[in-house]
Amino acid sequence: MSIPLSEQALDFAVHVIRVCDSIHNRGVIKNQLLRAATSIGANIHEAQYGYSKDDFVYKLQIALKESNETAYWLQLLEKSQTISPEEAQPLMTQCSRIRYMLIKSINTAKNPHP
């Protein structure tokens, strides 16, 4: 049984919040990561109540952009040794999984009949 995308995004945001709670420096980068990571789920949630198919797709595309930004901030924090590879890798894996699901959802919404 697969976990719904919205639930995965919420779990991911909670995971990011917990990691960020352990960061005691790099405030600007930490805030950028928190903003981007929590925006993924918010946009997925908003898409579920879109007023049209185009609105639905648009919100998912924003979530996809936010997930790409999140991956950047995670890479930066890892490369700057602000978080360890052991902290970064599970987050990167979760983020990649969410991006994959977003891409599949966007493509399906745009082209429902292959």
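One can find the structure itself at the top, above this paragraph.
Predicted model only: the values in this text are computed from it and were never measured.

J.: Please set out helix 2 (residues 27–47) residue by residue, giving values where relevant.
T.: The terminal C-alpha atoms of helix 2, which comprises 21 residues, lie 30 Å apart, in line with the 30 Å expected from a rise of 1.5 Å per residue. Of all the bends in helix 2, the greatest, near 25°, is centred on Ser39. Taken together, the buried positions of helix 2 are occupied by Ile29, Lys30, Leu33, Ala36, Ala37, Ser39, Ile40, Gly41, Asn43, Ile44 and Ala47.

J.: Just give me the short version of the state of the cysteines, but keep the residues and values in it.
T.: For the structure shown, the criterion picks out zero disulfides. Cysteine Cys20 shares no disulfide, and the gap to the nearest cysteine sulfur, in Cys95, comes to 13 Å. Judged by relative accessible area, Cys95 falls into the buried class, the value being 1%.

J.: Tell me about the nonpolar core, residues and numbers included.
T.: In terms of nonpolar packing, the biggest core is built from 31 residues, with Phe12, Leu33, Ile44 and Leu102 touching the most fellow members. Those elements that place two or more of their residues in this core are helix 1 (5–21), helix 2, helix 3 (53–79) and helix 4 (85–110). Not counting the four nearest positions on each side in its chain, Ile44 is found in contact with Leu5, Ser6, Ala9, Leu60, Ala63 and Leu102.

J.: Describe unusual backbone geometry, and please don't skip the residues or the numbers.
T.: Positive phi, normally seen in glycine, also occurs at Arg26, with a value near 60°. The residue Arg26 is located in the loop between helix 1 and helix 2 in this model. Its identity as a non-glycine residue notwithstanding, Gln81 has a phi of 60°, on the positive side. Using a relative accessible area of 72% as the deciding quantity, one classes Gln81 as exposed.

J.: Please provide a residue-by-residue account of the packing of aromatic side chains, values included.
T.: The final tally for this structure, using the stated rule, is one aromatic pair. Relative to Trp73, the ring of Tyr72 lies with its centre 5.0 Å away and its plane at 70°, an arrangement referred to as edge-to-face.

J.: Provide a residue-level description of the pattern of salt bridges, including the pertinent values.
T.: What the rule picks out here adds up to four salt bridges. One salt bridge in this structure joins Arg35 and Glu66, with 3.5 Å as the shortest N-O distance. Placement of Arg35 in helix 2 and of Glu66 in helix 3 is noted, with a sequence separation of 31 residues between them. Asp55 serves as the salt-bridge partner of Lys59, at 3.8 Å between the closest nitrogen and oxygen. In this pair, Lys59 and Asp55 both sit in helix 3, four residues apart, roughly one turn of the helix.

J.: Can you tell me about the environment of His24, naming the residues and giving the values?
T.: Position of His24 relative to the elements: it lies in the loop between helix 1 and helix 2. The class of His24 is exposed, set by a relative accessible area of 75%. Note: C-alpha distance between His24 and Thr82 (58 residues apart in sequence) is 9.1 Å. From its side chain, His24 meets the backbone oxygen of Ser22 in a polar contact 3.5 Å long.

Cut-offs and rules
Residues numbered from 1 in each chain as written. Predicted model: local features only at pLDDT ≥ 70, side-chain atom pairs only at ≥ 80, totals over all residues. Heavy atoms only, no water. Helix = DSSP H or I, 4+ residues; strand = E, 2+ residues; numbered from the N terminus. Expected span 1.5 Å × (residues − 1). Bend = angle between axes of the 7 residues up to and from the residue. Buried < 20%, exposed > 50% of the residue type's maximum accessible area, 1.4 Å probe, protein only. Disulfide = S-S within 2.5 Å. Core = buried A, V, L, I, M, F, W, Y, C linked by side-chain atoms within 4.5 Å. Contact = heavy atoms within 4.5 Å. Phe/Tyr/Trp six-rings, centres within 6.5 Å; stacked < 30°, edge-to-face > 60°. Salt bridge = Lys/Arg side-chain N within 4 Å of Asp/Glu carboxyl O. Polar contact = N/O pair within 3.5 Å; in protein donor to acceptor, adjacent residues only side chain to side chain.

Functional significance is not addressed by these values, which are geometric in nature.
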